[in-house]
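# Overview (structure and organization)
Spelled out, the chains give:
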Amino acid sequence: MAKQEVKKSVVKEKGVKCTVCGTLKVPTLYVNATKSANNSYRFNKRLVSVCKCNEKEVYA
Ligand SMILES: [Zn+2]
């Protein structure tokens, strides 16, 4: 008989709960395109934590 293996998997919530709305903040890559003077776009990539407070701004 094989020894019973007990695997413990600790699932830690990586997200931080928002103290305002209580939703788990989800890290989301937010890309903001800005047009520069010579008609080229510059992309600003930002990692933002999205909760109910700012999801409308981020996904707008
Ligand atoms: Zn919030």
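Below is a summary of the structure that appears in this document. These figures come from a predicted structure and were not determined experimentally.

Within the protein one finds one helix and two strands. Order of helices (α) and strands (β) in the protein, N terminus to C terminus: β-β-α. Here the protein holds 60 residues, and the buried ones make up 3% of them. In the protein, the proportion of contacts linking residues at least 24 apart, taken out of those at least 6 apart, comes to 34%.

This part takes up unusual backbone geometry. The backbone of N39 shows a phi angle near 60 degrees, a positive value even though the residue is not glycine. Here N39 shows up in the loop between β1 (26-35) and β2 (41-50).

Our focus in this paragraph is the pairing of β2. In terms of burial, β2 is largely open, as just one of its ten residues are buried. The pairing of β1 with β2 spans ten bridges and is classified as antiparallel. The residue of β2 that forms the bridge with Y30 is R46. Hairpin remark: β1 followed by β2, antiparallel, with five residues in the connecting loop; positive phi at N39, about 60 degrees.

About the thresholds
Residues numbered from 1 in each chain as written. Predicted model: local features only at pLDDT ≥ 70, side-chain atom pairs only at ≥ 80, totals over all residues. Helix = DSSP H or I, 4+ residues; strand = E, 2+ residues; numbered from the N terminus. Buried ≥ 20, exposed ≤ 12 C-beta atoms within 10 Å, placed from the backbone. Contact = placed C-beta atoms within 7 Å. Pairing = 2+ DSSP bridges.

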